[in-house]
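A structural walkthrough
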2 protein chains.
Amino acid sequence: MALAYDGAIQRLIDAFAKLPGIGPKGAQRIAFYLLSANDDEVRNLVEAITDVKEKVRFCDVCGNVCETSPCPVCSDPRRDQSMICVVEEPKDVMSIERTREYHGLYHVLGGAINPMANVGPADLNIPKLLERLQNPDIKEIILALDPNIEGEATTSYLSRLLSPLGIKVTRLASGLPVGSDLEYADEITLGRALAGRREA
Amino acid sequence: MALAYDGAIQRLIDAFAKLPGIGPKGAQRIAFYLLSANDDEVRNLVEAITDVKEKVRFCDVCGNVCETSPCPVCSDPRRDQSMICVVEEPKDVMSIERTREYHGLYHVLGGAINPMANVGPADLNIPKLLERLQNPDIKEIILALDPNIEGEATTSYLSRLLSPLGIKVTRLASGLPVGSDLEYADEITLGRALAGRREA
């Protein structure tokens, strides 16, 4: 016996181990779970995977994932049409929606500038953003990129690119996460929290 | 916009979040990964899942998962036909195979005695084991169950059940894991390591 499972099981383990965040042990656990799961649950999983590839597309306006283009946010007249929040990925839209603090539109770049991975401004969904900014209703752009090196580089780039257009360009506040401990904050975060202090 | 993704994506996230060891964030990550994965990889995953349900069955002899019954181990004449190693789950067979120390046969119980989960001896693949032991070639049974309460209970039960048959019944050694620190060993493990000491 080789040090691998018999045919189909090993292929399933290998297929799951390729997915992000699943190691060989986790893949094995999932494979045996599916093996003993009822047929409905397995069919449901398979249909969900095939459906997503068939039905999901990118919104022609904002670049978010959706089943209808324009997406539900872009086509919702109750959303504030004067603000666009620029994010890196579709999942960031969901993170901001969960705050229930923002009611404007979104623009999904599809990544951030990252010279190490050969991603430059030309690889991002920026031309469509500039096109949207021709609309005089737009009063503010919120740059909501990840607070890491790539996000900061993209924020600087977009801020320089957009400021001549005469539209207000803002970015998310940096500071201490709510519920955290001052003692454990890193110097850069604490420095930004000091610099961005406001009246209590 | 509701606080969920558009149709198909949310269904995929939900389907993955049901699998063991995958939380909502992990499921979201996998969903977006599959969304941008190439068609071949996705087709491969879907086929692997459907294949496993169609092709995989249990070996009529040892109870391990396999595509052909008897399984490759049971039907391999080069395996030592005088020993049967009793394990809880098919994945335990793989763990023992990886040691390359064992060349006998296996018997998969499909679990361990666990009164809290209503699993008694009658729910385990024990009758088939007794049937196999009618074969006079079998000289030794190795009980290789998990060293936890359920495994210990099953080991005691099987040891009492099998000892009258006049076959040698052994169990895995308990002791300090290789590469561990004596300082951090729990008392029970250290106690067993002492009791099971051997000449250096």
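You'll find chain A entered in an unreviewed UniProt entry as Recombination protein RecR, with Bifidobacterium apri given as the organism. As its UniProt record puts it under Sequence similarities (unreviewed entry), chain A is described as follows: "Belongs to the RecR family." Per its UniProt entry, chain A bears the Function (unreviewed entry) comment "May play a role in DNA repair. It seems to be involved in an RecBC-independent recombinational process of DNA repair. It may act with RecF and RecO."

1. Here's the deal with the UniProt feature "zinc finger region: C4-type" (unreviewed entry) in chain A
Mapped onto the present numbering, the UniProt feature "zinc finger region: C4-type" (unreviewed entry) falls at residues 59-74 of chain A. For the annotated span residues 59-74 of chain A, helix accounts for 0% and strand for 12% of the residues, and the straight-line distance between the end C-alpha atoms is 8 Å.

2. Things to note about the environment of Lys168(B)
All names here are of chain B. Checked against the element boundaries, Lys168 lands in strand S6 (residues 168-171). Once the C-alpha coordinates of Lys168 and Ile142 are considered, the two residues, 26 residues apart in sequence, prove to be 8.4 Å apart. Every residue in contact with Lys168, bar those within four places of it in the chain, is listed here: Lys139, Glu140 and Ile141.

3. As for the sheet that holds strand S3 (residues 80-87) of chain A
Residue and element names in this part refer to chain A. Strand order across the open sheet formed by four strands is S4-S3-S5-S6, with parallel pairing between neighbours. Strands with a single pairing partner mark the edges of an open sheet, and in this sheet they are strand S4 (104-108) and strand S6 (168-171). Here the average twist between neighbouring strands, direction ignored, is 25 degrees. As defined by bridge partners, strand S5 (residues 140-143) adjoins S6 across four bridges and the pair is classed as parallel. The residue bridging Leu143 from the neighbouring strand is Arg171, located in S6. Contacts between helix H4 (residues 90-99) and the sheet are confined to S3 and S4, with S4 contributing the most and set at about 155 degrees to the helix.

Calculation criteria
- Residues numbered from 1 in each chain as written.
- Chains lettered and ligands numbered in written order.
- Predicted model: local features only at pLDDT ≥ 70, side-chain atom pairs only at ≥ 80, totals over all residues.
- Heavy atoms only, no water.
- UniProt positions renumbered as here; feature names shortened; annotations may be inferred.
- Helix = DSSP H or I, 4+ residues; strand = E, 2+ residues; numbered from the N terminus.
- Contact = heavy atoms within 4.5 Å.
- Pairing = 2+ DSSP bridges.
- Axes fitted to C-alpha atoms, helices over the stretch in contact; angles between N-to-C directions.

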